[in-house]
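Structural overview
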Amino acid sequence: MSTREALLPARYHNAVERWRETFIPDFDYLLEQWPQHFPKDPQFKLCAYRECQVCPHIECGQDKGKPKHVRAATMAPEQAHHLFGAIRAQASTEFGSIQQHRLTLARATSEEEQVWVLRMMAEELRHGYQMLHLLVEDDWSAVAEDSADDLVEGILAMQTGSHILGAFNIDFDSFLDNVVFCALIDRVGKYQLTMQKISAYKPMAESMPQMLREEAFHLATGVVPLRRLMVSAAKDEIYVTTTDVQQTINKWLPRGLEMFGDERGGGTNVRYGLKPKKNAEAQSEYVAEVQKLIDDLNMRFIRARLPKLKLAEAEALRRRVIEEGETVQGIAPEDLVRMPHPEFFRRRGVPAFQMVGFAGERFQRFRDYAHHLRQHLPSAYLAGRDFRDYLESLRQVVHGQISAVEASRRMPTLRRVAGSCPCSRAVRWVRDEPLEPSQPQAGEPSQPQTADAVT
Amino acid sequence: MDDSTDGVRVRALDTIDIGAVTRIDERIGGRYRPEVWERRIGYYLRRDPEAALVAEIDGEVAGFMLGEVRAGEFGLEEPTGWIEVLGVDPDHQGKAVGRRLAEAMLEHFRARGARTVRTLVDETMGDVAGFFERLGFEPATLKPYVKSLA
Ligand SMILES: CC(C)(COP(=O)(O)OP(=O)(O)OC[C@H]1O[C@@H](n2cnc3c(N)ncnc32)[C@H](O)[C@@H]1OP(=O)(O)O)[C@@H](O)C(=O)NCCC(=O)NCCS
Ligand SMILES: [Fe+2]
Ligand SMILES: [Fe+2]
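Now for a quick tour of the structure. (Residues numbered from 1 in each chain as written. Chains lettered and ligands numbered in written order. Predicted model: local features only at pLDDT ≥ 70, side-chain atom pairs only at ≥ 80, totals over all residues. Heavy atoms only, no water.)

Description of the overall build of chain A
The line we're drawing: Helix numbering and strand numbering both begin at the N terminus, where a helix is a DSSP run of H or I of at least 4 residues and a strand a DSSP run of E of at least 2. Each radius of gyration is computed over the set of C-alpha atoms, and the globule rule expresses the reference value as 2.2 Å times the number of residues to the power 0.38. Three labels apply to residues, based on accessible area from a 1.4 Å probe with only protein chains included: buried if under 20% of the type maximum, exposed if over 50%, partly exposed otherwise in between. Two residues form a contact once any of their heavy atoms are found within 4.5 Å.
Of the regular secondary structure elements, chain A holds 15 helices and two strands. For chain A, the C-alpha radius of gyration of 23 Å lies close to 23 Å, the compact-globule estimate for 455 residues. A principal-axis box enclosing the C-alpha atoms of chain A has dimensions of 65 × 55 × 55 Å. Out of the 455 residues in chain A, the part that is buried amounts to 59%. Long-range pairs, those at least 24 residues apart, make up 75% of the contacts in chain A with a sequence separation of at least 6.

Structural data, given as structure tokens:
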């Protein structure tokens, strides 16, 4: 098992570095903190890592057993088109998550948790870099209209609101978003990467192992603080309650489920040897894992609240509270967290806009469902644009103005961030000038909120 | 990671297994130590996640093993695989869970370029030494010394 390093051509490498200066302004702080928090871990490096020995033969689908493709040109046009879309979407998620994490990073409850998230952001940057490397190393002109310059620029110019997948267009409102996002959304990432390890496109398969290794830590960055928050909640330390954790899970889990794609789909990926599982199969395994996580969080809560209980007694108590709905030794069902029904608050896939409640109950009237959602989602999220757009689409579906399919296509309603601001065209990440280390370029706004979104 | 006819499935440890590992440790040693496992598992997943393994029987975690490849310790320059922590649920001991975990771990160490695997066994914990001997481990010349600083 060994990896080799590869760098992007300088103009793209510098573009990513420039992007990093804007969206990970604490990067230097991370490097400073590294020896203290991650002693002996190799220093972070912005590069692509390719695994040296991956299976050389296609592992599933119609071409199983044939050699993997080393160039996009040898792939069937539809296959290459599919893969190209997946790489671009993957790149968008990597850069997108950094833009989200950045918003609330400063509110971390401990220095350790903050540095963990910061390291994870740096690794997401590397993942985005890895995907750009796949895009510029090969010739995708048969399936992509854009030049390599425009492809890279287009991805780096995306912002929260103009990314490809819904989960990456939602703002973070508190540090709870950072950790729940890592626990739930990065877990979907783990699934996608694991599946793509078998990709019929060898450069993709080679890109996955190191990303997956890093992903294991990203999940810990979410789950470990979440477990600690459950302890705080159990001890009635007021800054976080189980309700907050539950509502944040409700905000993210539906978006995580939608990242698997439509429940009826995924066959094309399997046929082309790009992934071994169809969407519904991977999604249901994910649901089972999230259920385990939730059981685990509840046990952490119960044992922190009632430290004298023996293991078996605590397990029995959890079952009674969760399954029988009883209040036992002062622990009520609402003190624990639950898995939202997989059809709750969905906007894509089979259950899109079907008005399914948290516990799987069905609603007939728009107003009733809107009220139900209001009770189950974080208040800061309700006040935001994503929820408003969702409600508006739902209202139109319920009133027969558009079909659920049309509404799905519209979500996320992409925010065009270009236009009105006079400096919007001034920010271009891919440029010919060399990078000046840590020095903002003359005339460059330090926070280019208005970069042109090329979608 | 791999399935086998004995019903034991070894796979990579995931953060959702922290509860199961804590539980096995508690069942073996009688102490509930969630913070210890949160910290340790955070550490191993960061360093070498492929050397953090669990074994499942019927979908339930029955055992775990944590290790790492290191070089340059105790004058051992070549990369060496270290098995550092292991535990098998008392209900599942004697079902080859430990053996299967060790096999998967050794395979990983080999892939990482290690030519030797080492571990330290606390003799007061008795049973672990016998297990390693059955797996072909031999007493090493490297002898641990200790002195209290209290
Ligand atoms: C030691 C331990 C890991 C063995 O795991 P296990 O799953 O029961 O062992 P296996 O069934 O895989 O046994 C593998 C081999 O080791 C042998 N073995 C296991 N325990 C043994 C013991 N106590 N003495 C001698 N041999 C032993 C088995 O007979 C078997 O040999 P075989 O395959 O040649 O027949 C397990 O009993 C354990 O977790 N004990 C507690 C460890 C502990 O205290 N951990 C705390 C943290 S370090
Ligand atoms: Fe990532
Ligand atoms: Fe990640």
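Some remarks on the packing of helix 8 (residues 242-258) of chain A against helix 10 (residues 279-305) of chain A
Residues and elements named next belong to chain A. What counts is decided by this rule: Axis definition: a line fitted to C-alpha atoms, over the contacting stretch in the case of helices. Angles run 0 to 180 degrees between N-to-C directions. Comment on the angle field: the value is read as roughly parallel under 35 degrees, roughly antiparallel over 145, roughly perpendicular from 65 to 115, and oblique elsewhere.
Interhelical geometry of helix 8 versus helix 10 gives an angle of 170 degrees and a closest axis separation of 12 Å. When the axes of helix 8 and helix 10 are compared, the pair comes out roughly antiparallel. Between helix 8 and helix 10, the residues in contact are Thr242, Leu253, Gly256 and Leu257 and Gln283, Tyr286, Val287, Val290 and Phe301, respectively.

Quick word on the coordination of the iron ion (ligand 2)
All names here are of chain A. Going by this rule: In this analysis a donor is any N, O or S atom within 2.8 Å of a metal ion (3.2 Å for sodium, potassium and calcium), and since water is not included, sites may seem incomplete.
Surrounding the iron ion (ligand 2) are the protein donor atoms Glu94 (OE), Glu124 (OE) and His127 (ND1), at 2.0 to 2.2 Å. One chain supplies every donor for the iron ion (ligand 2), spaced along it as E-x29-E-x2-H. Between the iron ion (ligand 2) and the iron ion (ligand 3), both coordinated by Glu124, there is a metal-metal distance of 3.3 Å. Taken as a pair, Glu94 in helix 3 (residues 77-104) and Glu124 in helix 4 (residues 111-137) lie far apart in primary sequence, 30 residues in all. Comparing Glu94 with Glu124, the two get one shared label, buried.

Section: the site of ligand 1
All names here are of chain B. Defined as follows: When we say a residue is near a molecule or strand, we mean one of its heavy atoms is within 4 Å of it. Polar contacts here mean pairs of N or O atoms no more than 3.5 Å apart (in protein, one a potential hydrogen donor and the other a potential acceptor; neighbouring residues in sequence count only if both atoms are side-chain atoms). Nonpolar residues are Ala, Val, Leu, Ile, Met, Phe, Trp, Tyr, Cys and Pro. Charged residues are Asp, Glu, Lys and Arg, and all others, Gly as well, are polar.
Residues in contact with ligand 1 amount to 17 residues; listed here are only the nearest, Val88, Gly94, Ala96, Gly98 and Arg99. Measuring from an oxygen atom of ligand 1, one finds a backbone N or O atom of Val88 at 2.7 Å. Between Gly94 and ligand 1, the recorded distance is 2.7 Å, taken from a backbone N or O atom to an oxygen atom. Contributions of two or more residues to the shell around ligand 1 are made by strand 4 (80-88), helix 3 (97-111) and helix 4 (127-134). When residues in the shell around ligand 1 are grouped by element, the largest group, five residues, is from helix 4. Here the residues of the shell around ligand 1 sort into eight nonpolar, five polar and four charged.

Overview of unusual backbone geometry
Residues and elements named next belong to chain A. Phi angles above zero are rare outside glycine, and Phe353 is one such case at about 55 degrees. Residue Met355 is not a glycine yet carries a positive backbone phi of 55 degrees. With respect to the helices and strands, Met355 occurs in the loop between helix 11 (311-324) and helix 12 (366-376).

Quick word on the coordination of the iron ion (ligand 3)
Note on metal sites: the ideal angle is 109.5 degrees for four tetrahedral donors, and 90 or 180 degrees for six octahedral donors. All names here are of chain A. Taken together, Glu124 (OE), Asp186 (OD), Glu215 (OE), Glu215 (OE) and His218 (ND1) make up the full set of protein donors to the iron ion (ligand 3), lying 2.1 to 2.8 Å away. Every donor residue of the iron ion (ligand 3) comes from the same chain, spaced as E-x61-D-x28-E-x2-H. For Glu124, a relative accessible area of 3% gives the class buried. Taking relative accessible area as the criterion, His218 reaches 0% and is therefore assigned buried.

Quick look at the packing of helix 4 of chain A against helix 7 (residues 202-234) of chain A
The relative placement of two packed helices comes down to the angle between their axes together with the axis-to-axis distance. Residue and element names in this part refer to chain A. Threshold: Helix crossings get a hand from a simple test, with the near helix turned counterclockwise from the far one by less than a right angle marking a left-handed crossing and a clockwise turn marking a right-handed one.
Between helix 4 and helix 7, the least distance of the axes is 10 Å, while the angle of their chain directions is 160 degrees. The orientation of helix 4 relative to helix 7 falls into the category roughly antiparallel. As helix 4 runs across helix 7, the sense of the crossing is left-handed. For the contact of helix 4 with helix 7, a count of residues per class yields 13 nonpolar, six polar and nine charged.

Details of the pattern of salt bridges
Residues and elements named next belong to chain A. Put simply, the test is: Salt bridges are counted wherever a side-chain nitrogen of Lys or Arg sits within 4 Å of a carboxyl oxygen of Asp or Glu.
With the rule as written, the count across this model stands at 57 salt bridges over all chains. Arg126 is the partner of Glu214 in a salt bridge, and the nearest nitrogen-oxygen pair spans 3.0 Å. In this pair, Glu214 sits in helix 7 while Arg126 sits in helix 4, placing the two residues 88 residues apart along the sequence. What makes Glu214 buried here is its relative accessible area of 9%.

What to know about the nonpolar core
Condition: We call a set of buried Ala, Val, Leu, Ile, Met, Phe, Trp, Tyr and Cys residues a nonpolar core when their side-chain atoms join them within 4.5 Å.
Ranked by internal contacts, the top residues of the largest apolar core, which has 153 residues, are A:Trp140, A:Leu184, A:Leu226, A:Tyr286, A:Phe345, A:Tyr369 and A:Tyr390. Counting residues per element, this core draws most heavily on helix 7 of chain A, which supplies 15 residues. Aside from chain neighbours lying at most four places away, what touches A:Phe345 is A:Asn250, A:Pro254, A:Arg255, A:Glu258, A:Val356, A:Tyr369, A:Leu373, A:Leu377, A:Tyr381, A:Phe387 and A:Tyr390. Judged by nonpolar contacts, the second largest core, of 21 residues, contains B:Ala62, B:Ile83, B:Ala102 and B:Phe132.

What about the sheet that holds strand 2 (residues 52-57) of chain B?
Residue and element names in this part refer to chain B. Rules: Should DSSP find at least two bridges between two strands, the strands are taken to pair.
Ordered by their spatial adjacency, five strands build an open sheet running 1-2-3-4-5, and the pairing between neighbours is mixed. Looking along the sheet, the strands with just one partner apiece sit at the ends: strand 1 (8-12) and strand 5 (116-119). In this sheet, neighbouring strand axes are inclined to one another by 30 degrees on average, regardless of whether the strands run parallel or antiparallel. Sheet analysis places strand 4 next to strand 5, joined by four bridges and oriented parallel. Counterpart to Thr80 in the pairing with strand 5 is Thr116.

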